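Single-letter residue listing:
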Amino acid sequence: MAKYIINAERKKNKINREIYGHFSEHLGRCIYEGLYVGEDSEIPNTNGMRNDVVEALKEIEVPVLRWPGGCFADEYHWREGIGPKAERKRMVNTNWGGVVEDNSFGTHEYFELCRQIGCKTYINGNVGSGTVQEMSEWIEYMTFDGESPLAQERAKNGHSEPFKVDYFGVGNENWGCGGNMTPEYYANLYRRYQTFIKQYKHTDDEKIRRIACGANSNDYEWTEDVLKTLFTHCDPRAHGNTEGLSLHYYTHPYGWDDKGSATEFNEKDWYQTMAKTLYMEELIRRHSAIMDQYDPEKKIGMIVDEWGTWFNVEPGTNPGFLYQQNTMRDAVVAGINLNIFNHHSDRVKMANIAQLVNVLQSVVLTDGPEMLKTPTWHVFHMYKAHQDATLVDSYLETETVGVEGVEVPNLTESASISADGKLQITMTNLSLDTAYPVDVRLTGYEGTAVSAEILSEEMHAKNTFEEPDAVHSKPFDGVELVHGGLKFTIPACSVLHITVE
Ligand code: AHR
């Protein structure tokens, strides 16, 4: 019997809803086909955005959407994506398949998409191949509400009201595709570029939150050197120069060279994938420790703006499009990561799974007019209960599971109190063959009713266009309210969400 102690009296911090955020890049069939089909498409759409996809995204309450990349961001020139579509300049998408990008989805279309989804905006600017002037003018074009040539141009292009930019990333992966820079060089560029991200609005809510490019996985030196440079000789009147520092970490079981199949894997591959996923915990802890030295008050958020599984592309698809299927393995990976983010939500202020549609670990896949929700979508649907909830103290006794020397803890969890006062518990069972009885000792919370939902299938289970609903969350009536807590048995290979009220 696994002992699980939840002390609801020990309230910690708010779990920022942005932890449940997403990422959409001009890559493969994410933007075009996946999200945007154009007004003239036969696929039902509103102002060019697919109605079925927008509906699915609203159901999981997507809180924030990062755009336009990724690597694409550092070769994106915003002026090419505004104005009459027929006149927009075409470009080669050098990072992703060398396809021609017609720029029909640009700034106005992005804000329209976010309006329809009802989410916050996170735009990633171009440092790698763009100028300070270009970035500064983009900010003015989007957010200035007085009279200026750029604000007038925005109005001429159909939007007299300023757009609201909630987050702005100054470059992406500038240690790699964003310019192959050293940390000191990037950090100095960051200081310069961010100076010209003008705050045309002044209330705290209207402020654009600036995000600096953080580390690739375990590059702790990057974090240290960037922060050291950002904190050296700061203008005391500037009140700090960043609100966020990013972290990118993808899960692939054995390494970049052969990332393995998304759908054909054995038990060892499963546990290896779980072990690689759990490494996120160490990454957050160690990068946080460095951030704590510079920013002990945790004013700078850790922004995990690219995470998720990255496998070999589906056979027969364009290798530059990064299209992969999604199974129960992805679902458990998502559940583990989200539990880790919840536990570290004093520092992790946003996370964006890569990517929204048809690329890497997507929540939605499309094929022409068809759309399906992946197992990962169902995890986001269950975990949305944690958005803006208050994390509470919890401790779970675990044991080790695995095969052939690959060992991981059997269970992960997190617990919070949502705004409506209910206790929300999420748990993953990483074991492929063992169900575990769990004895929950609950302090500081008097539960009178309980409900639960579960995603539990064989490890390869997936949704296909022939069988789009093969994997979906179901009501789970195995949770019993007992004196002082709860009792239940979590099935093997599953993700569980319990609500106590
Ligand atoms: O998500 C795919 C790519 O992965 C992004 O463009 C890049 O930032 C990262 O390397």
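Data block above holds the structure.
In this report, we go over the structure that sits alongside the text. (Residues numbered from 1 in each chain as written. Predicted model: local features only at pLDDT ≥ 70, side-chain atom pairs only at ≥ 80, totals over all residues. Heavy atoms only, no water.)

**Concerning the overall build of the protein**
Of the regular secondary structure elements, the protein holds nine helices and 26 strands. For 501 residues, the compact-globule estimate of 2.2 N^0.38 gives 23 Å, and the C-alpha radius of gyration of the protein, at 22 Å, lies within 12% of that figure. Principal-axis analysis of the C-alpha atoms places the extent of the protein at approximately 65 × 55 × 45 Å. Across the 501 residues in the protein, those meeting the buried criterion constitute 60%. (Helix = DSSP H or I, 4+ residues; strand = E, 2+ residues; numbered from the N terminus. Rg over C-alpha atoms; globule rule 2.2 N^0.38 Å. Buried < 20%, exposed > 50% of the residue type's maximum accessible area, 1.4 Å probe, protein only.)

**Re the pattern of salt bridges**
Under the criterion given, the structure shown has 33 salt bridges. The salt bridge partner of D145 is K201, with a shortest N-O separation of 3.7 Å. With D145 in the loop between α3 (132-143) and α4 (149-156) and K201 in the loop between α5 (183-195) and β10 (209-216), this residue pair connects regions lying 56 residues apart in the sequence. Between D420 and K422 there is a salt bridge, with the nearest N and O atoms lying 3.9 Å from each other. (Salt bridge = Lys/Arg side-chain N within 4 Å of Asp/Glu carboxyl O.)

**Let's talk about the pairing of strand β12 (residues 301-309)**
Counting buried positions over the nine residues of β12 gives nine, a clear majority of the element. Examined bridge by bridge, strand β11 (residues 244-251) and β12 share seven bridges and lie parallel to one another. Along β12, the bridge assignment pairs S246 with I303. Crossover handedness for the path β11 to helix α7 (residues 267-294) to β12: right-handed. In this structure, β12 lies alongside strand β13 (residues 348-354), joined through four bridges in parallel fashion. Looking across to β13, one finds that V304 is bridged to A351. On the question of chirality, the crossover connecting β12 to the parallel β13 by way of helix α8 (residues 328-343) is right-handed. (Pairing = 2+ DSSP bridges. Right-handed = clockwise from strand over helix to strand, strands pointing away.)

**As for the environment of I139**
In this fold, I139 is placed in helix α3. Residues I139 and E55 lie 84 residues apart in sequence; the distance between their C-alpha atoms is 29 Å. Dropping the residues within four chain positions of it, I139 is found in contact with F144, F168, I197, K198, Y200 and I208. (Contact = heavy atoms within 4.5 Å.)

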